[in-house]
Amino acid sequence: MAADNEIDIKDAFQCAQKGHSNKAKLVASLKNRYNKLEDKTLFHEEFISYLKHAMIVYKREPTVENVIEFVVRFTTSFQPPPKTDEEEDEEDDHPFLSFLFNFLLESHKANSHAVRFRVCQLVNKLLGSMAENAQIDDDLFDRIHQAMLVRVTDKFPNVRIQAALAMTRLQQPTDPDCPTLNAYMLILENESNAEVRRAVLSCIVVCPRTLPRVLKRTRDVKENVRKQAYQVLADKVYVRALSIAQRVSLLEQGLHDTSEAVKEVVCTSLLPAWLRGLDGNAVELLHKLDVENCAETALEMLTAIFKGMDADDLLQNRIQLNNRKLIPVECLTCENVLYWRALCKFIKDKGDDGDEMLEQVLPDAATYAEYLYEYLKVVPALSEEQRADLTQLELVMTKDFISQQLIHLIGCLDTNEEGGRKRVLAVLQDMLALPRTPSSLIPLLTEKLLTLVLDDQRRIQTVAEIISDVRAPISEASQPVDENVSRRQQVQLAEVKVRIMEAKQALEESIAAQDFGRAAELKESITELENQRNKVLEEIAAITQPTNTEIRTEKNDPETLLRCLTMCAELLKQMKTKNRISPTISALMSSLILPSIASAHPSVRSMAVLCLGTCALHSKELANTHMVLLLQIAQLDEVKIRISALRAVIDLLLLFGFQLLSESGSGQKTQLPGSPDRGEEEQEDEEKVAAQKEEDTAQSILVMLSELLDSEMSELRTETAQGLAKLMYMGRISSSKILSRLILLWYNPVTEDDVRLRSCLGVFFQLYARESRAHQEVVEESFLPTMRTLMKAPATSPLAEVDVSNVVKLFVELTHPSSLMKPSANTEEVGVHDYLAVRMCGEMLLDPTAPEVRLYAKTLSYLELTGNEMVRKDLLSLLQQLVQVVKDRVCLRALEKMISQLGASKEQAELVSASALQPLDVNADETVADEPLKAAKRSRKGQRKVSTAKGGKKPSRKAESSEESSDGENVPDSVPATRPSRRAKIAAIEKTKLDLNPLLNQEANLS
């Protein structure tokens, strides 16, 4: 270093390679030297010559990164300070800055991808290191812009990443035709490499144009991209800038994401950012959501928010409760009652630690029961005319939602105290029996009632009594007064009164005449007449006052039947399946459920079918009796009812099996007495008949289910596919034809929009094949039927659009030996891939000129074949026959390569067995060991490509897997080796360190 605080360019570059060097001092020293030079041309050329040595290195070596950082700091030190408004005089950029940018822009089209990468990296760092209000020449701006727009389409992902980052400060959100934003949006939509998409997300400006693209990346297939998208939304997007639908969608996807890292970003970044925008008011955040239609999502959001608070914050942020620890009825809203429920549930889930806190936000059970009853009894029931009024309808829906949340709060109450629990039970029973209670509250009320009653028999008795009161309420009937009888009684009363008056007059005359004997007789007659008069008066009073008698009148209107069936369904769901059907349930079956199946109202029939199917799960005899009825309903009724019946059928088959319908007849036959001589023969015949009957029954049911797979109604098709998947996974059926149908349905473009069907089958295929070797054999048997169906599909069929190679990769992956949960330890056992290879060879021999022959020949190299000698001989024989008849050159090369591999593996096996008893030679040639390593790499490569197989239209992601690493293009695959010693490690690290000093010295000597 010069004495006058100057430094040579070579020395500066050498010192810059060291991470601990003071780059600010180096920059200042080199800048002093530059400023003292009159002719800057030699300095520029020498500086660039040393910089080129770093630019040809693609790997992110620390020394190279230090040099790049030094160059950036030195170059930006010439950037003039930002001008004020008064300084309007124009001044060009610094000569060195312009020279370096010109050099970089001239080099961005170099053939070396390392140079292109370093050019984009330098441009990115230079622009990023400039001041916030820095200015550059318009012409230079346009040149940089055009160059980076070219580089974002580069072949190498790392170049595209740096080019995209370099354009960060070139965005113009106010320009509707901004080319940078257009390029960013195109990358987000079509880029195959996840790291490039993530880099664009990190630097894109969020505006109304780009917001939909950023939101779409929250559903990206890669975890890091989704995580970055949520982070961008948390940092750059205000909650009010999103619509209600967008907020709800973000919460639903983020809180249910399969990646824990994405969930963490949503909980620790997105939700706190939204709360900060609303001054920390969680109830106000609920106002920004449609809580009536997304209550569960809102609850999960509140739970995530509560997890980030301590106990004091939870109590301070609680809603305004009165002295009774209740929200006043007039202050109840959808948002504050949902917040109250979420807070109580969160504290309740803490267990014993939250008991004291729960007492501060929730009253005792008796007080809350009275509060709930006072609110529920005034919930209005709409008439048909009121339903047409949207204002009335919205008001009732709001009250209904609030009622549901209040009922949910029952689960947080402390019901251990007997008095409070009885009061809650009484309120629930009264509300269930109250005719004005909305039908939407019946399931929830019944559920909470059953959770408070633990004994099944008491549950049945309680619900049966409520159903009886609802369907046949007690009413008082009065008998009408008979006018004829009343008139006769009045005449009789008048006659008695006249006779009494005559007797009294005669009595007075006898007393006056002193005829005391006559007077005594008249007095007795007057007494009798008065008694008779009183009796007549009682009869008249009894007739004129109508009598009220209590009678039960059965109601069969649809609303009443639906309420009763709903309570019955909830009861059957809560009952244990081990318990037998009680007489009370049998009575409900005969009086309520079975008659309702014939109802003219679809909602009643649907609920009745649900009750019938649930009830049949508790009794095998009941299931056997009504299975045919459920099968008929699954084929003939409306879609919703057919789905209910289909679910019931699937559940019964899962629980009892396909022998359900054949057990009744066979059981009766086996009980008949027979002669000892013919007993065994009759038993064998009966067993054969029963087996045949069971097979016919199962066949008929499978035919019906297969026909439903072709249904035009997506809901019915999806439910059938899900049911068949359950039956196959649980081992109730084992059919390669059914599996082939399901695979074709999964790939069929018609089901592309059916997310539930695609998700269900995608999970089923993986779990089914991993379960056992027998399942993999079923998959292998379904291979050829599936491929033949796809190959023979006409051009007008949707199956003609399916990517057949993707289907083949799926079969290879599902039948891979390593995918089994418990792989076989016997390496000599014939594997499923062996059978699959034989099937492919046999299919190719049938028609060597078929177009699928090339696909089969290529797929053979993906299979992991075992070391079984018989299988190897058979495969070699088939492959040799194929070589003689196949004419396609690509197929011939693939087949010949397969033959050489089989032959090499055979020789290798012989060599290994021969050398097993020989001493180990550490200097032996490693070429023998290279082959199994290559084969292992090839099998792993095939497995990786197969694991990405998904939809029929999606392209292969081989390119993405090869470019997934950010810096791994020049790095070969690591080869397993023995662990070296510590000294060997240190020596290897020293050798691999990149040092630019020899190159710099060589350049200095040449100059």
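Residues numbered from 1 in each chain as written. Predicted model: local features only at pLDDT ≥ 70, side-chain atom pairs only at ≥ 80, totals over all residues. Heavy atoms only, no water.

1. Things to note about the packing of helix α24 (residues 442-452) against helix α28 (residues 558-574)
Here's step 1: Contact geometry for α24 and α28: axes closest at 9 Å, N-to-C directions at 40°. As α24 packs across α28, the resulting crossing turns out to be right-handed. Each of Ile442, Pro443, Thr446, Glu447 and Leu450 in α24 lies in contact with α28, whose residues at this interface are Arg563, Thr566, Met567, Glu570, Leu571 and Gln574.
Here's step 2: Taken together, the residues that form the contact of α24 with α28 break down as five nonpolar, three polar and three charged. (Axes fitted to C-alpha atoms, helices over the stretch in contact; angles between N-to-C directions. Helix = DSSP H or I, 4+ residues; strand = E, 2+ residues; numbered from the N terminus. Left-handed = near helix turned anticlockwise from the far one by under 90°. Contact = heavy atoms within 4.5 Å. Nonpolar A, V, L, I, M, F, W, Y, C, P; charged D, E, K, R; others polar.)

2. Some remarks on the side chain of Ser107
Here's step 1: Secondary-structure assignment places Ser107 in helix α5 (residues 95-107).
Here's step 2: Contact partners of Ser107, with chain neighbours within four places excluded, come to Val115 and Val119.

3. Re helix α20 (residues 365-376)
Here's step 1: For α20, which comprises 12 residues, the first-to-last C-alpha distance of 16 Å matches the rise-based estimate of 16 Å (1.5 Å per residue) to within 8%.
Here's step 2: All of the buried residues in α20 are Ala365, Tyr368, Ala369, Tyr371, Leu372, Tyr375 and Leu376. All buried residues of α20 project into a common sector of 165° when viewed along the axis, lining one side.
Here's step 3: Lining the buried residues of α20 we find α18 (334-348), α22 (390-408), α23 (418-433) and α24. (Expected span 1.5 Å × (residues − 1). Buried < 20%, exposed > 50% of the residue type's maximum accessible area, 1.4 Å probe, protein only. Arc of directions from axis to C-beta.)

4. Focus on the confidence of the model for the chain
Here's step 1: When pLDDT is averaged across the chain, the result is 81; 81% of the residues are at 70 or more.
Here's step 2: Note that residues 664-678 has pLDDT below 50 and, in this model, seven contacts with residues that lie over four places away or in other chains.
Here's step 3: Confidence drops under a pLDDT of 50 for residues 908-980, and excluding neighbours within four residues, the segment shows 73 contacts in the predicted structure. (pLDDT = per-residue confidence, 0-100.)

5. Description of the side chain of Gln228
Here's step 1: On the secondary structure map, Gln228 appears in helix α12 (residues 223-236).
Here's step 2: If we ignore the near neighbours within four places in the chain, the residues touching Gln228 are Arg198, Leu201 and Ser202.

6. With respect to the nonpolar core
Here's step 1: Membership of the largest hydrophobic core comes to 278 residues, with the highest contact counts inside it found for Leu51, Met301, Trp340, Tyr368, Leu406, Leu742 and Leu860.
Here's step 2: Leave out the neighbours within four places in its chain, and Leu406 touches Leu332, Val337, Trp340, Tyr368, Tyr371, Leu372 and Tyr375. (Core = buried A, V, L, I, M, F, W, Y, C linked by side-chain atoms within 4.5 Å.)

7. Some remarks on the packing of α28 against helix α30 (residues 602-616)
Here's step 1: Across the interface, α28 lies against α30 with an axial gap of 9 Å and an inter-helix angle of 25°. Judged by the inter-axis angle, α28 sits roughly parallel to α30. Along this stretch, α28 crosses α30, giving a crossing that reads as left-handed. Here Pro558, Leu561, Leu562, Leu565, Thr566, Cys568, Ala569, Leu572 and Lys573 of α28 lie close against α30, whose contacting residues are Ser603, Val604, Met607, Ala608, Leu610, Cys611, Thr614 and Cys615.
Here's step 2: Here the contact of α28 with α30 is composed, by residue class, of 13 nonpolar, three polar and one charged. (Parallel < 35°, antiparallel > 145°, perpendicular 65-115°, else oblique.)

8. Overview of a nonpolar patch on the surface
Here's step 1: On the surface, Tyr729, Met730, Val763 and Leu767 cluster together into a nonpolar patch covering about 370 Å² of accessible area.
Here's step 2: Checked against the element boundaries, Met730 lands in the loop between α35 (714-729) and α36 (736-747). (Patch = residues over 30% accessible without salt bridge, like charges linked within 9 Å, V, L, I, M, F, W, Y side chains within 5 Å. Areas by Shrake-Rupley, 256 points an atom, 1.4 Å probe, with all protein chains shown as cover. Salt bridge = Lys/Arg side-chain N within 4 Å of Asp/Glu carboxyl O.)

9. So, the packing of aromatic side chains
Here's step 1: Scanning the entire structure with this criterion turns up 28 aromatic pairs.
Here's step 2: Between the aromatic rings of Phe47 and Phe96, the centroid separation amounts to 5.1 Å while the plane-to-plane angle is 85°, which identifies the pairing as edge-to-face. Of this pair, Phe47 sits in helix α3 (residues 41-55) while Phe96 sits in helix α5, and the two are 49 residues apart along the sequence. Like Phe96, Phe47 is buried.
Here's step 3: On the numbers, 5.2 Å between centres and 75° between planes, the contact of Trp746 with Tyr747 is edge-to-face. For the pair Trp746 and Tyr747, one class covers both residues: buried.
Here's step 4: An aromatic cluster is defined as three or more aromatic residues linked by ring pairs; in this entry it consists of Phe13, Tyr34, Phe43, Phe47, Tyr50, Phe70, Phe74, Phe78 and Phe96. (Phe/Tyr/Trp six-rings, centres within 6.5 Å; stacked < 30°, edge-to-face > 60°.)

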